[in-house]
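# Topology and contacts: notes
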Amino acid sequence: MAKGSRYATCVLACLLTIASLPTYGQDLLDVWQLALQRDPIYAANRAARDAEQEIVPQARARLLPYVSADAVAEVENARRLEGLDRSTSNRRALWALTLIQPVFNLSAWSAYERAETVASLADVAQASAYQELILRVAQSYFDVLAAQDTLRALLAEKAAVETQLQAARQGFELGSTTITDTYEAQARLDLLNAGELQARNALQLSQDRLARIIDERPQQLAELAPGTSLPAPEPARVDAWTTQSATASLDVAQAELAARIVEKQIDIAKSQHYPTVSLQAQTGSASDRGLYNTGGGPRSLDSTIGLHLSIPIFTGGEISSVVREQTTRLQQARYELENAKRLARQATLQHYSGVISGLAQIQALQAAEKSSLASVQANRLGYEVGVRINIDVLNAQQQLFETQRSLSRARYDTLMSSLRLKASSGILTAQDIVAINKLLSEQAARPS
């Protein structure tokens with residue numbers, strides 16, 4: 001059999017193997033739904049958000065009526081010190097019901113407003129955790145696909161080198177080539193065997209990272225079909241994205257709320273200078289005639305109602321110090337807000353550039369893949385007719401498969417840049433997962 005026929009048979013066998021692969025077991029949307037239910041990091045953030053919401057009713061309670069009930073029953077026994085033979089006993093019972101309603105308490109009201117801001121900050125933090133989960137799921141999913149593509153390319157390159165090694169051995173036996181061709185092919189095959197072990201380990205680690213999120217081993221994953229066209233940013237103007245990120249980024253929103261919380265802390269500190277007024281009402285009964293009122297006659301019922309005014313006069317300078325402290329912290333929070341805006345704009349520029357350059361890189365690599373394939377075919381034909389040597393064929397094959405691996409990685413990196421671009425602008429949602437999921441192929445090729 002001719003060398004070109006053997007190579008064609010090998011390529012045909014690979015194509016038939018890929019065509020007969022089973023359908024996928026999981027796609028990106030399936031993995032995302034599992035992550036929503038099982039990811040411990042997101043669940044912890046959700047629990048933290050629910051806990052922070054309880055600050056609001058706790059602060060509101062300081063503005064609402066406070067009712068307490070007290071009861072005392074006691075026996076008093078007195079004895080002479082000398083002989084302890086003479087004693088007197090008195091029994092007493094009393095109860096009281098007290099109502100306190102704040103009328104004017106600026107500190108409590110400012111604390112309530114601060115609590116509402118803290119609850120809003122918790123909501124934004126939860127939304128940020130939601131976006132972070134989307135990014136972690138997508139990144140872990142694409143890492144598995146990239147590892148599979150790398151291993152698949154290595155196996156294909158290994159099969160091609162094995163075919164070339166067999167041709168070199170036969171050529172040496174027939175006297176048409178030297179033993180050098182065999183050594184070169186064997187050395188390349190040994191390197192690929194070592195690379196295969198590393199690629200399989202990388203695939204295992206990427207699957208472990210995805211399994212940590214969804215709490216199960218991933219099944220066969222749906223993949224991007226070859227030649228799938230990836231979407232460009234919409235709108236296609238970087239200034240629109242940077243403006244959006246500076247105003248709607250969740251990191252910016254958290255920094256703004258943090259500054260507002262410090263402002264409320266200043267209000268709370270200043271309100272310590274102001275008086276407080278509360279309504280106090282009490283009713284109760286007291287008796288010195290015994291616990292069971294055996295002395296006869298009704299027990300008295302005493303009731304009082306009035307306003308309680310408290311005016312802080314001198315606190316040793318503590319309140320003024322707290323005000324100065326919180327004022328300085330407000331300056332810090334505003335600087336951090338400005339830094340958050342700048343970071344958001346910088347991240348947006350980076351991810352927007354990542355999408356644009358990624359799309360251009362994909363086109364260039366697709367063209368390079370076609371050129372590399374033509375180079376392999378030309379070098380193999382030249383080797384068969386004696387105008388090319390074995391190392392030329394091996395180098396051409398290596399260049400082809402390296403190009404394919406780079407193309408695979410560029411596609412996933414571009415998709416991740418598009419997701420991070422939306423995250424930096426505060427508009428990343430589960431609908432973006434659905435949109436990417438529609439790009440996935442219904443055939444999954446898992447390396448064996």
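Quick caveat: nothing in here was measured; it's all calculated off a predicted structure.

### As for the overall build of the chain
Helices and strands together make up the secondary structure of the chain, namely 11 helices and 4 strands. For the chain, with 448 residues in total, the buried portion stands at 37%. Restricting the contact set of the chain to residue pairs at least 6 apart, pairs at least 24 apart contribute 84%. On the chain, roughly 24900 Å² of surface is accessible, and the fraction owed to carbon and sulfur atoms is 55%.

### Looking at the packing of aromatic side chains
Across all of its chains, the model carries 5 aromatic pairs by this definition. With 6.0 Å between their ring centres and 85° between their planes, Tyr-141 and Phe-142 make a pair best called edge-to-face. The burial state of Tyr-141 is the same as that of Phe-142; both residues are buried. Taken together, the ring pairs in this structure connect Trp-32, Tyr-42 and Tyr-130 into an aromatic cluster.

### Structural notes on the packing of helix H2 (residues 28-38) against helix H11 (residues 430-437)
Any two packed helices are characterised by the angle at which their axes cross and by the distance between the axes. Where H2 meets H11, the axes come as close as 8 Å, and the angle between the chain directions of the two elements is 150°. Relative to H11, the element H2 lies roughly antiparallel. The residues of H11 that touch H2, namely those facing Leu-28, Leu-29 and Trp-32, are Ala-430, Ile-433, Val-434, Ile-436 and Asn-437. Taken together, the residues of the contact of H2 with H11 sort by class into 7 nonpolar, 1 polar and no charged.

### A short note on a nonpolar patch on the surface
Residues Val-67, Trp-95, Leu-97, Leu-99 and Leu-301 make up a contiguous nonpolar surface patch of roughly 450 Å² in combined accessible area. Looking at the nonpolar patch, the element that brings in the most residues is strand S2 (residues 87-104), giving 3 residues. As for its position among the elements, Leu-97 is in strand S2.

### Thoughts on the confidence of the model for the chain
In the predicted model, the chain carries a mean pLDDT of 86, and the fraction of residues at 70 or more is 88%. When the elements of the chain are averaged for pLDDT, helix H1 (residues 3-19) gives the smallest value, 41, and helix H3 (residues 40-53) the largest, 96. Across residues 1-23, confidence stays below pLDDT 50; counting only partners more than four residues off in sequence or on other chains, it has 21 contacts. Low pLDDT (under 50) marks residues 290-294, which in the prediction has 10 contacts with non-local residues, meaning those over four places away or in another chain.

### Side note on the nonpolar core
Counting 51 residues, the largest nonpolar core has Val-137, Tyr-141 and Phe-142 as the members making the most contacts within it. Elements with a contribution of two residues or more to this core: H2, helix H5 (106-174), helix H6 (179-214), helix H9 (318-385), helix H10 (390-424) and H11. Broken down by element, this core gets its largest block of residues, 16 residues, from H5. Beyond its immediate stretch of four places on either side in the chain, Tyr-141 contacts Gln-26, Asp-27, Leu-28, Val-31, Leu-210, Leu-221, Ala-222 and Leu-440.

### A closer look at the side chain of Ser-271
In this fold, Ser-271 is placed in helix H8 (residues 250-271). When its relative accessible area of 4% is taken as the criterion, Ser-271 is described as buried. Within the structure, the side chain of Ser-271 is placed 3.5 Å from the backbone nitrogen of Ser-107, a separation counted as a polar contact. Not counting residues up to four positions away in its chain, the partners in contact with Ser-271 are Leu-106 and Ser-107.

### Side note on the packing of helix H7 (residues 238-248) against H9
For the pair H7 and H9, the least separation of the axes is 8 Å and the interaxial angle reads 145°. Crossing hand, H7 versus H9: right-handed. Residue-level contacts link Val-238, Trp-241, Thr-242, Ser-245 and Ala-246 of H7 to Lys-341, Ala-344, Arg-345, Thr-348, Leu-349 and Tyr-352 of H9.

### Examining the pattern of salt bridges
Taken as a whole, this structure holds 18 salt bridges when the rule is applied. Residues Asp-149 and Arg-152 are paired through a salt bridge, measuring 2.6 Å at the closest nitrogen-oxygen approach. Here Asp-149 and its partner Arg-152 are both found in helix H5, 3 residues apart, which amounts to about one turn of the helix. A salt bridge links Arg-152 to Glu-223; its shortest N-O distance comes to 3.1 Å. Here the residue Arg-152 occupies a position in helix H5, and Glu-223 occupies one in the loop between H6 and H7, the gap between them amounting to 71 residues. Looking at Arg-152, the relative accessible area reads 23%, which means it is partly exposed. One salt-bridge network, in which partners are shared between bridges, spans Arg-49, Asp-50 and Asp-123.

### Let's talk about the side chain of Thr-98
Mapped onto the elements of the fold, Thr-98 is located in strand S2. Here the side chain of Thr-98 touches Gln-282 through a polar contact of 2.9 Å, side chain to side chain. Once you skip the residues sitting within four places of it in the chain, Thr-98 turns out to touch Tyr-66, Val-67, Ser-68, Ala-281 and Gln-282.

### Points about H7
All of the buried residues along H7 are Trp-241, Thr-242, Ser-245 and Ala-246. All buried residues of H7 fall inside an arc of 130° around its axis, so they share one side. Facing away from the buried side of H7, by more than 90 degrees, are the exposed residues Thr-243 and Thr-247. At its buried positions, H7 is contacted by H8, H9 and H10.

### As for the UniProt feature "coiled-coil region" (unreviewed entry) in the chain
Following the UniProt record, the feature "coiled-coil region" (unreviewed entry) maps to residues 323-350 here. Secondary structure content for residues 323-350 is 100% helix and 0% strand, and the end C-alpha separation is 40 Å.

### Observations concerning unusual backbone geometry
Here the residue pair Glu-234 and Pro-235 is connected by a cis peptide bond, since its omega of 5° sits within 30 degrees of zero. Tracing the chain through its elements places Pro-235 in the loop between H6 and H7. One non-glycine residue, Asp-215, lies in the positive phi region at around 60°. Relative accessible area serves as the criterion here: at 60%, Asp-215 is assigned to the exposed category.

The rules behind these values
Residues numbered from 1 in each chain as written. Predicted model: local features only at pLDDT ≥ 70, side-chain atom pairs only at ≥ 80, totals over all residues. Heavy atoms only, no water. Helix = DSSP H or I, 4+ residues; strand = E, 2+ residues; numbered from the N terminus. Buried < 20%, exposed > 50% of the residue type's maximum accessible area, 1.4 Å probe, protein only. Contact = heavy atoms within 4.5 Å. Areas by Shrake-Rupley, 256 points an atom, 1.4 Å probe, with all protein chains shown as cover. Phe/Tyr/Trp six-rings, centres within 6.5 Å; stacked < 30°, edge-to-face > 60°. Axes fitted to C-alpha atoms, helices over the stretch in contact; angles between N-to-C directions. Parallel < 35°, antiparallel > 145°, perpendicular 65-115°, else oblique. Nonpolar A, V, L, I, M, F, W, Y, C, P; charged D, E, K, R; others polar. Patch = residues over 30% accessible without salt bridge, like charges linked within 9 Å, V, L, I, M, F, W, Y side chains within 5 Å. Salt bridge = Lys/Arg side-chain N within 4 Å of Asp/Glu carboxyl O. pLDDT = per-residue confidence, 0-100. Core = buried A, V, L, I, M, F, W, Y, C linked by side-chain atoms within 4.5 Å. Polar contact = N/O pair within 3.5 Å; in protein donor to acceptor, adjacent residues only side chain to side chain. Left-handed = near helix turned anticlockwise from the far one by under 90°. Arc of directions from axis to C-beta. UniProt positions renumbered as here; feature names shortened; annotations may be inferred.

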